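As a plain string of letters, each chain reads:
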Amino acid sequence: MSGQQHWDDVDDYFISTLSPDDEALRAALRDSDAAGLPAIAVTAAQGKFLQLLAQLQGARNILEIGTLGGYSTIWLARALPEDGRLISLEYSAKHAEVAVRNIARAGLDRIAEVRVGPALESLPKLADENPAPFDLVFIDADKVNNPHYVEWALRLTRAGSVIVLDNVVRGGRVADAGNTEPDVVGTRAALELIANHPRLTGTALQTVGSKGYDGFALARVLG
Ligand code: SAH
Ligand code: DHB
Ligand code: MG
């Protein structure tokens, strides 16, 4: 059996045992697929992991950068109390439209809001609203802008907030200091910012699973 076959089988087992999906989550993936969105949402195991992190944080306010069809949004929003709030930023009007329907079907439209546009335009507008600090920020959009997203996350959070950065492995290329691909450069810059910023501490973990070989970074905002 190949590595990927093992990873699929074990993810299937972990997910069916510990983080089973339900009709709203399945429908979100089905409709995303039917609308032609790429199949790059987090897995159910990763979605549950994000949800647990949000619960561990006692999160009331969550910021997501990169909505796609709202699959990760649903996992995260389900961690919030009824008066909690999730804001998800999405570049593509088409993705956002699919996501809004998926979020509504999951009964989360009073909690989760999708804002359309380039995140680097939506973030300053959001900051102008002086929102309550976000307890968790999930960064999962265009990787080239990762350092800018970490900077914005810092401005919009509080001491104790958590920042999660998805897809930091880039097929292993992240370890190549000479690589000039924008996604690798952006991801390395974000990791170095986490390493060097006085108000951030973090780590990164490699993962395998049904999405292949990947990984995420986790950072904590300090006082
Ligand atoms: N978090 C989702 C997956 C997001 S995929 C999930 O796990 O379910 C990445 C998304 O980021 C795509 O929908 C893409 O359109 C969006 N994106 C890309 N560039 C962006 C930008 N500059 N601003 C906001 N969103 C962007
Ligand atoms: C891609 C983006 C993601 O956020 C992800 O989790 C997997 C793949 C991509 O752009 O290929
Ligand atoms: Mg991702």
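Okay, so let's go over this structure. (Residues numbered from 1 in each chain as written. Chains lettered and ligands numbered in written order. Predicted model: local features only at pLDDT ≥ 70, side-chain atom pairs only at ≥ 80, totals over all residues. Heavy atoms only, no water.)

### Observations regarding the pairing of strand β2 (residues 85-90)
Here comes step 1: With five of six residues buried, β2 lies mostly within the body of the structure.
Here comes step 2: Inspection of the sheet shows strand β1 (residues 61-65) paired to β2 by five bridges, in the parallel sense. Within β2, the residue paired with I62 across the bridge is L86.
Here comes step 3: Remark: the β1/helix α4 (residues 71-77)/β2 crossover connection has right-handed handedness. (Buried < 20%, exposed > 50% of the residue type's maximum accessible area, 1.4 Å probe, protein only. Helix = DSSP H or I, 4+ residues; strand = E, 2+ residues; numbered from the N terminus. Pairing = 2+ DSSP bridges. Right-handed = clockwise from strand over helix to strand, strands pointing away.)

### Section: the packing of helix α2 (residues 23-34) against helix α5 (residues 93-105)
Here comes step 1: Between α2 and α5, the shortest axis-to-axis distance is 9 Å and the interhelical angle comes to 160°. Between α2 and α5, the interaxial angle falls into the category roughly antiparallel. For the crossing formed where α2 meets α5, the hand is right-handed. Residue-level contacts link A27, A28, D31 and S32 of α2 to V98, N102 and R105 of α5.
Here comes step 2: Its residues placed into classes, the contact of α2 with α5 shows three nonpolar, two polar and two charged. (Axes fitted to C-alpha atoms, helices over the stretch in contact; angles between N-to-C directions. Parallel < 35°, antiparallel > 145°, perpendicular 65-115°, else oblique. Left-handed = near helix turned anticlockwise from the far one by under 90°. Contact = heavy atoms within 4.5 Å. Nonpolar A, V, L, I, M, F, W, Y, C, P; charged D, E, K, R; others polar.)

### Here we look at the site of ligand 1
Here comes step 1: Lining the immediate surroundings of ligand 1 are 21 residues, of which G66, S72, E90, H95 and D140 lie closest.
Here comes step 2: Interatomic distance of 2.9 Å between a backbone N/O atom of G66 and a nitrogen atom of ligand 1.
Here comes step 3: For ligand 1, an oxygen atom lies 2.8 Å from a polar atom in the side chain of H95.
Here comes step 4: Contact with the protein chains removes 89% of the 580 Å² of surface that ligand 1 exposes when unbound.
Here comes step 5: Elements supplying a minimum of two residues to the shell around ligand 1: α4 and β2. (Near = heavy atom within 4 Å. Polar contact = N/O pair within 3.5 Å; in protein donor to acceptor, adjacent residues only side chain to side chain. Areas by Shrake-Rupley, 256 points an atom, 1.4 Å probe, with all protein chains shown as cover.)

### Describing the site of ligand 2
Here comes step 1: Near ligand 2, the surroundings consist of I40, D140, K143, D166, N167 and K211.
Here comes step 2: Note that an oxygen atom of ligand 2 is positioned 2.6 Å from one of the side-chain N or O atoms of K211.
Here comes step 3: Its free accessible area being 290 Å², ligand 2 has 63% of it covered by the protein chains.
Here comes step 4: Looking at side-chain class alone, the shell around ligand 2 contains one nonpolar, one polar and four charged residues.

Keep in mind these numbers describe shape, not what the thing actually does.
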